[in-house]
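In case you want the letters, here they are:
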Amino acid sequence: MKKCKPILRNSFVSMLLLFLLSGCWSSKSIEDLNIAVGTAVDKSKDGKIRSTLQYVIPGAIGNSTNKLPQQKPYINVSATGISQEPIGWETTLRREGSISGAHEKAVIIGQDLAREEPIREITDLFFRDIDIRGSTLIFISKGEAARTLESKEAEVIPAIRLVEIAKQELTTRALRHLSLMKIWGKSNSQTSFLIQLIDLKKGEIDFNGAAVIKGRTNKMIGILNKEEIEGINWITGEGKSGAVKAFQKKSDKPTYYQIQSMKSKIKPHVTGGRISFDVKIESEGRIAEYWNPHFKPAFKNKTIKHIENAAAKEVTHLVVNTTKKMQKEFGVDVGGFGNQLRIQYPNVWKNVKGNWDEKFSEIPITYDVSITIKDYGMIGSKKK
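What you see is a predicted model; the values in this text were computed from it and never measured.

Description of the overall build of the chain
Working step 1: Of regular secondary structure, the chain possesses twelve helices and 13 strands.
Working step 2: The proportion of buried residues among the 384 residues of the chain is 44%.
Working step 3: When contacts within the chain are restricted to residue pairs at least 6 apart in sequence, long-range pairs at least 24 apart make up 67% of them.
Working step 4: Of the roughly 21400 Å² of accessible surface on the chain, 53% is carried by carbon and sulfur atoms.

See below:
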């Protein structure tokens, strides 16, 4: 009898484990969920807010056939209201099943709305929704935001593709992606910042500059173009790759320097209450393209110095023009200068942070750019 007790106990435990493995009582079939992966928020014609939710259709993914028309793997549902919460409830009446926001990837805001309403208020619901993650990316659309959630390609889910492209960070002509949590911090500190601007051209997403968000109002006040975004990435040192024009004269044929690394150090100076900045920019890379036969061979020291100097002049041109745009046209600091002043001169920062954007517009900034070519691609030999 004593030997039977362990056997009975073990049998009972095994049966209990099998029962628990049978499933969760509260689970729902994926087909019964409306899985939201993207949201577009626009200003409607009557002045209200128009929200478009993009839901994934699981059954349509990878279900192509030659006999039947290809079903899109997503559906967009729109509604209009005075704010996001009532719109959300309105969209629940358009689809059977409950909404799941745990896989939300992107929120795209139309620029007309971004110019009229604070970004913090437009995105308030996304911050408060416990299902939506803080890593969700934010974009501004040059036209109607809802257009960016459409695609003519089969098996493409626009919101997911948009995020995948943004996270590649393959060129200095695009901004580093910005998440909900980062926007929360910038908005609460009343810091001016940039949000990647996107457009739809011939059905394809185009990363077309950046929206300038003024810290005090938290509204969009203008646009930086792609060249000015390059300037911002050089100033902040946040670029990962890309190319720079490395020729100055019109008589020279194209030569391009490919970025392999970049770093920037913003150094504030305070003398007698006068603030100034020195920015040291350094980059290492390679010759990516070389169309100048009268400079051959490319790997001679004299030629290398010529190309390095030409690339450095181009980078200097980019950062100086971008600085003028920040200071004189928009009157905002979106290059991180104020943050460096806060770190290195906290007492000075306390006195100027209340009107920093206005103060920043009059501060002198100097740049020192150094470019070093390390190799020449498949032609030539590595620099010793």
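After that view of the structure, there is still more to cover.
Topic: the confidence of the model for the chain
Atomic detail in the predicted coordinates should be set aside for any region of low pLDDT.
Working step 1: Looking at the chain, the pLDDT average stands at 85 and 82% of residues meet or exceed 70.
Working step 2: In this model, residues 22-26 is a region of pLDDT below 50 whose contacts with residues beyond four sequence positions or in other chains number one contact.

With respect to the environment of Gly 215
Working step 1: Mapped onto the secondary structure, Gly 215 falls in the loop between β8 (204-213) and β9 (220-224).
Working step 2: According to the relative accessible area criterion, Gly 215 is buried, its value standing at 3%.
Working step 3: Taking the C-alpha atoms as reference points, Gly 215 and Phe 193, separated by 22 residues in sequence, lie 7.1 Å from one another.
Working step 4: With residues up to four places along the chain from it excluded, the contact list for Gly 215 reads Gln 190, Thr 191, Ser 192 and Asp 357.

Notes on the packing of aromatic side chains
Working step 1: What the rule picks out here adds up to eight aromatic pairs.
Working step 2: Between the aromatic rings of Phe 139 and Phe 207, the centroid separation amounts to 6.5 Å while the plane-to-plane angle is 85°, which identifies the pairing as edge-to-face. With Phe 139 in strand β6 (residues 137-141) and Phe 207 in strand β8, this residue pair connects regions lying 68 residues apart in the sequence.
Working step 3: On the basis of relative accessible area, Phe 139 is assigned to the buried category, the value being 2%.
Working step 4: Judged by its relative accessible area of 14%, Phe 207 is buried.
Working step 5: Judged by centre distance (5.2 Å) and plane angle (70°), the rings of Phe 277 and Phe 337 are edge-to-face.

Side note on the pattern of salt bridges
Working step 1: Tallied over the full model, the rule gives 19 salt bridges.
Working step 2: Across the pair Glu 144 and Arg 50 runs a salt bridge whose closest N-O atoms are separated by 3.4 Å. One end of the pair, Glu 144, is in the loop between β6 and α6 (158-168); the other, Arg 50, is in strand β2 (residues 49-56), with 94 residues separating them in the sequence.
Working step 3: In this structure Arg 50 comes out as partly exposed when scored by relative accessible area, which is 27%.
Working step 4: Residue Lys 245 pairs with Glu 314 through a salt bridge whose shortest N-O separation is 3.7 Å. Placement of the pair is Lys 245 in strand β10 (residues 242-245) and Glu 314 in helix α9 (residues 301-330), with a sequence separation of 69 residues.
Working step 5: Judged by its relative accessible area of 13%, Glu 314 falls in the buried class.
Working step 6: Overlapping salt bridges, with partners in common, bring together Arg 120, Asp 124 and Arg 128 in one network.

So, the side chain of Asn 208
Working step 1: With respect to the helices, strands and loops of the structure, Asn 208 is situated in strand β8.
Working step 2: Overall, the relative accessible area of 16% leaves Asn 208 in the buried class.
Working step 3: With sequence-adjacent residues up to four places away left out, Asn 208 is seen in contact with Lys 142, Gln 196, Leu 197, Ile 198, Asp 199, Lys 201 and Lys 226.

Quick notes on α6
Working step 1: Among all positions in α6, only Pro 158, Ala 159, Leu 162, Val 163 and Ala 166 are buried. Across the axial projection of α6, the buried residues extend over an arc of 135°, all falling on one side.
Working step 2: One or two steps after α6, the chain reaches Glu 169, where phi turns positive at roughly 50°.

Conventions we followed
- Position labels on residues start from 1 in each chain and follow its written sequence.
- Selection of residues for local features in this predicted model requires a pLDDT of at least 70, selection of side-chain atom pairs for listing and counting requires 80 or more, and totals for whole chains, interfaces and linings are taken over all residues.
- Computation of side-chain values: all heavy atoms of the structure, hydrogens and water removed.
- Only runs of H or I of at least four residues qualify as helices and only runs of E of at least two qualify as strands under DSSP, and these elements are numbered from the N terminus.
- Each residue is assigned to one of three classes by its accessible area relative to the maximum for its type, calculated with a 1.4 Å probe on protein chains only: buried under 20%, partly exposed between the two thresholds, exposed over 50%.
- Whether two residues touch is decided by their heavy atoms; if any such pair falls within 4.5 Å, the residues are in contact.
- Surface accessibility in these figures is a Shrake-Rupley result with a 1.4 Å probe; residues are shielded only by whichever protein chains are displayed.
- A score from 0 to 100, pLDDT tells how confident the predictor is in each residue.
- Classification of ring pairs uses Phe, Tyr and Trp, with its six-membered ring standing for Trp, and accepts pairs whose centres are within 6.5 Å; under 30 degrees between planes counts as stacked, over 60 as edge-to-face, and the remaining range as tilted.
- We define a salt bridge as a side-chain nitrogen of Lys or Arg found within 4 Å of a carboxyl oxygen belonging to Asp or Glu.
- Arc definition: directions from the helix axis to the C-beta atoms.

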